[in-house]
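Chain residues, written in single-letter form:
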Amino acid sequence: MTATSPRKIIKTHSIIHFGMLAGPLLAGIFFYLNTEVNANGSQEDIFIYIFPLIALVGIFTSKVVYRTFLKPLKQKEHLRDKLAGLQSASLIQYALIEGPAFLNIIWFGQTGNLLYLTIGGVLLIYLFILRPTKTKIENDLELKGEHKRQFDRFDEAIS
C-alpha cells in the first residue's frame, strides 16, 4: 500500500460514498420527472409488502455486516490496515443500502406508486447520514494512542 495521509483516505472514501449515493438519487429524479405518479397504488401489488421488507433487511444487514467487519480491525497493528479494512466494510455497508434503494426507485418507475419512491428516498437519506467523516472513522475504529495521533496528523503520510 502506498503512503497516504488521513486526508487523502477520507477524500477517497467520500468520493466512493458520493458515487454510490448519486446513482439511485439521479435515477429517482429521472423516474419522478418521467413517470405518471400514482399516489394510491394497487392493493393487488404483492411488492407493496416485499420491497419495504427488502429495505428493512438491507438496513439491518448493513449494520450487522459493518460491525462484524469492524471487530477484527480494532486489533490490527497498523493504522493503514485498519483504514483499508474500514473502507472495505463501508463499501459493503453502502452497497447493502444502495441495492434496495435502487430496487424501490426502479419499481417506482414501473408502477408510479409513490410508496416505492418514498422508501428509496428514506434509504438514500440513511446512506447520506453514513457519509465518512474524521470523527466517525475515529469512533468506529476506536482509535487510541499512537493510531489516534497518526490519524490526527491529517496531512502527514501514514507509515
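Before reading further, recall that the structure is shown in the block above.
This one's a predicted model, so the numbers in the text were calculated from it and none came from an experiment.

Novice: Looking at this model, I keep getting lost on the overall build of the chain. Mind explaining?
Specialist: Each helix and strand in the chain was counted, giving 6 helices and 0 strands. Listed by position from the N terminus, the elements making up the chain come as α-α-α-α-α-α. Summarising its shape, the C-alpha atoms of the chain cover approximately 60 × 25 × 20 Å along the three principal directions. Here the chain holds 159 residues, and 40% of them are scored as buried. Taking the 17 positively charged and 13 negatively charged side chains of the chain as two groups, their mean positions are separated by 9 Å.

Novice: Looking at this structure, I do not really get the nonpolar core. What am I missing?
Specialist: Here is a general trend for soluble globular proteins: nonpolar side chains tend to be buried in one another's company. Ranked by size, the top nonpolar core spans 20 residues in total, and within it Ile 97, Ile 105, Leu 123, Leu 124 and Leu 127 carry the most contacts. For this core, the secondary-structure elements that each account for two or more residues are helix 1 (6-34), helix 2 (47-73), helix 3 (79-111) and helix 4 (114-129). If you look at the next biggest cluster of nonpolar residues, it comprises 14 residues, including Ile 9, Leu 83, Leu 143 and Phe 151.

Novice: Please explain unusual backbone geometry as it appears in this structure.
Specialist: A positive phi angle is found at Glu 142, which is not glycine, with a value near 50°. Within the secondary structure, Glu 142 is located in the loop between helix 5 (134-141) and helix 6 (145-152).

Novice: I tried to follow helix 5 on my own but got confused; where do I start?
Specialist: Of all the residues in helix 5, the buried ones are Ile 137, Glu 138, Asp 140 and Leu 141. Immediately downstream of helix 5, the backbone of Glu 142 shows phi near 50°, a positive value.

Novice: Would you mind showing me how to read empty space enclosed by the protein here?
Specialist: Here the idea is plain: a probe the size of a water molecule rolls over the atoms and shows the empty space left. Evaluation of the coordinates by the stated rule reveals 2 cavities of 30 Å³ or more. Every residue along the wall of the largest cavity is listed here: His 13, Tyr 66, Leu 86, Ser 90, Tyr 94, Leu 130, Pro 132, Lys 136, Ile 137 and Asp 140. Within the lining of the largest cavity, the residues separate by chemical class into 6 nonpolar, 2 polar and 2 charged.

Criteria and cut-off values
Residues numbered from 1 in each chain as written. Predicted model: local features only at pLDDT ≥ 70, side-chain atom pairs only at ≥ 80, totals over all residues. Heavy atoms only, no water. Helix = DSSP H or I, 4+ residues; strand = E, 2+ residues; numbered from the N terminus. Buried < 20%, exposed > 50% of the residue type's maximum accessible area, 1.4 Å probe, protein only. Lys, Arg positive; Asp, Glu negative; His and termini not counted. Charge placed at Lys NZ, Arg CZ, Asp CG, Glu CD. Core = buried A, V, L, I, M, F, W, Y, C linked by side-chain atoms within 4.5 Å. 1 Å grid on protein atoms, 1.4 Å probe; cavity = no way out; pocket = protein on both sides within 12 Å on 5 of 7 lines; lining within 4 Å. Points joined across faces, edges and corners; volume = space filled by probe spheres on them. Nonpolar A, V, L, I, M, F, W, Y, C, P; charged D, E, K, R; others polar.

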